[in-house]
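The lines below spell out each chain.
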Amino acid sequence: MKSLAITDRAYAYGLARAFGGAIIFGLPLLMTMEMWMLGLSIHPLRLTLFILLNFVMLVILSRFGGFEPTSTVGEDVLDAFGAYAVGIVTAALTLAVFGLLGFHTARSEFAGMVAVQAIPTSFGAMLARKQFADGESEKEDEQMERSAGYSGQLFLMLAGAMFLAFNVAPTEEIILIGFKMNAWHELALIAASLLVLHALVYAVGLTGQEVAPEGHRTARLFLGFTCPGYTIAMLASFYILWTFGRVDGAPLEAVLSNMVVLGFPASVGAAIARLVV
Amino acid sequence: MPLSPGRNKSQQTSALEWVAAGTGVFFLVGLLSVIGAEALASGPHEPPAISINVGKMTQAGDTYVAAFEAVNTSGGTAAALQVEGKLVDGDVDVETSLATIDYVSAHGTAEGGFIFSKDPTGLKIVARPLGYQTP
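Computed from a predicted model, the values in this text were never measured in an experiment. (Residues numbered from 1 in each chain as written. Chains lettered and ligands numbered in written order. Predicted model: local features only at pLDDT ≥ 70, side-chain atom pairs only at ≥ 80, totals over all residues.)

## Some details on the overall build of chain A
This is how it is decided: Only DSSP runs of H or I covering at least 4 residues are called helices, and only runs of E covering at least 2 are called strands; the numbering of each starts at the N terminus. Here exposure depends only on C-beta density: within 10 Å of a residue's C-beta, 20 or more other C-beta atoms make it buried, 12 or fewer make it exposed, and intermediate numbers make it partly exposed, the C-beta atoms being placed from the backbone. Contact between two residues is assigned whenever their backbone-derived C-beta positions fall within 7 Å.
In terms of helices and strands, chain A carries eleven helices and zero strands. When the elements of chain A are put in sequence order from the N terminus, they spell out α-α-α-α-α-α-α-α-α-α-α. Within chain A, the proportion of its 277 residues that are buried is 49%. Restricting to contacts in chain A with at least 6 residues of sequence separation, those with at least 24 account for 85%.

This is how it looks when you write it as structure tokens:
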């Protein structure tokens, strides 16, 4: 009975941290006007798909180190639901305090607005422990090990890319920047994305630190992480543009230039995922 | 004495964790069912159906403000909704006021006001939506 009380308390701390994470990661989008509109204009099926996909990402993130230490997949699923609970409550309360939601709000508007915002807030809730890190249990080491494999690294890149791309994608500016840039600008931005991605991958040390000749290591990192990382960033950008309905009816060049624009923050997100998760 | 895996797990999973997870399931199912119902009804493709209800008239400085409520009874959202309010004396238009509403959500309402310079006492106000943008 005593040990149960202790785990309850530990979990309560975890939850409190989760609320902190939800607010930190969620506020920029909670205070973005396009995000309020998005809840109304987004295609409901695409939103449903995104909510489910986000849930799967949360489970895997929990596996790699969520807001409280876990040992089984079942616990990760529980924590993913817990993170969503925190995310939804945070989003709904914040929007209500801003006067954007109230009792008069139509049901579909309420659901749409909260569901869109619950994606970044639940993500933040799940990552909270890393941001307000305290203890160093053996379980944490175990979780770190789980993400050490190559597929784990690529998943972290995907999560990071999705998160940062999602943070900037709702704004009109992405489309405007796409219009402003010519082909040379776009090529320069692709080069810059690759460079930043590679530099960060190199600096953060995504791989297990193998001893290899410097040149060999750089080439391997580039082929093994930077190239797939950029591909992941571009795919994440496309998926998010599609979810937000920015691809529909747009000519191929416009979609590609939007992908390149969004690919830049996505690349940065992919590269620094290891630091955040 | 070694603990069985099952016993071990029930010790690690606190009651609060179940409560939090249960809350998450409850909210998620709630959101998904509302959005899912919308998806099945294919609401966003419907045109919005908007009626304007003119409410109280108040004098504000040198002007007269007629509050109105835009009510959308359809499953389609109207963005940048233009609303016109006319002050009418029998068959004669006395004054016209225009208002723009950011958006009226599906089955939602939004509020605004028409501003007139002439005293509307004894006159009629005729209001109608003019046009909108698909969000």
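## Here we look at the confidence of the model for chain B
Residues and elements named next belong to chain B. Going by this rule: Within a predicted model, pLDDT stands for the predictor's per-residue confidence, ranging from 0 to 100.
Per-residue confidence for chain B gives a mean pLDDT of 84; residues scoring 70 or more make up 88%. The low-confidence segment residues 1–10, where pLDDT is below 50, has two contacts with residues more than four positions distant or belonging to other chains. This complex was scored by the predictor with a pTM of 0.79 and an ipTM of 0.71.

## Let's talk about the domain arrangement of chain A
All names here are of chain A. Applicable threshold: These domain boundaries are the output of an automatic or database domain assignment. Each residue receives one of three labels: charged for Asp, Glu, Lys and Arg, nonpolar for Ala, Val, Leu, Ile, Met, Phe, Trp, Tyr, Cys and Pro, and polar for the others, Gly being one of them.
As assigned here, chain A comprises domain 1 (2–146) and domain 2 (168–276). Across the boundary between the two partners, domain 1 contributes eleven residues, which contact seven residues of domain 2. Broken down by secondary-structure element, the contributors of at least two residues to the side of domain 1 that touches domain 2 are helix H2 (33–41), helix H3 (44–63) and helix H5 (107–131). For the side of domain 1 that touches domain 2, the element with the highest residue contribution is H2, accounting for four residues. Taken together, the residues of the side of domain 1 that touches domain 2 break down into five nonpolar, three polar and three charged.

## Digging into the interface of chain B and chain A
On the chain A side, the residues contacting the 31 residues of chain B number 35 residues. Going through the elements one at a time, helix H1 (5–12) and helix H2 (15–41) of chain B are the ones with two or more residues in the side of chain B that touches chain A. Ranked by residue count, the leading element in the side of chain B that touches chain A is H2(B), at 17 residues. Class assignment of the residues belonging to the side of chain B that touches chain A gives a composition of 16 nonpolar, twelve polar and three charged.

## Topic: the sheet that holds strand S1 (residues 50–60) of chain B
Sheet strands pair by backbone hydrogen bonding; their relative direction is either parallel or antiparallel. Residues and elements named next belong to chain B. Put simply, the rule is: When DSSP finds two or more bridges between two strands, those strands count as paired. Note on geometry: axes are C-alpha line fits, over the in-contact stretch for helices, and angles between N-to-C directions span 0 to 180 degrees.
Strand order across the open sheet formed by three strands is S1-S2-S5, with antiparallel pairing between neighbours. Edge positions in the sheet fall to S1 and strand S5 (109–116), since each of these pairs with one other strand and no more. Each strand of the sheet is rotated relative to its neighbour by a mean of 25°, with strand direction disregarded. Where strand S2 (residues 63–72) and S5 come together, eight bridges link them in antiparallel fashion. Looking at the pairing, alanine 67 lines up with glycine 113 of S5.

## Some words on the domain arrangement of chain B
Along its sequence, chain B is carved into domain 1 (5–41) and domain 2 (45–133). Relative to domain 2 of chain B, the C-alpha centre of domain 1 of chain B lies at a distance of 44 Å.

## A look at the environment of Leu16(B)
In this structure, Leu16(B) sits in helix H2. Separated by 47 residues in sequence, Leu16(B) and Thr63(B) have C-alpha atoms that sit 58 Å apart. In this structure Leu16(B) touches Asp8(A), Tyr11(A) and Ala12(A), once residues within four positions along its chain are discounted.

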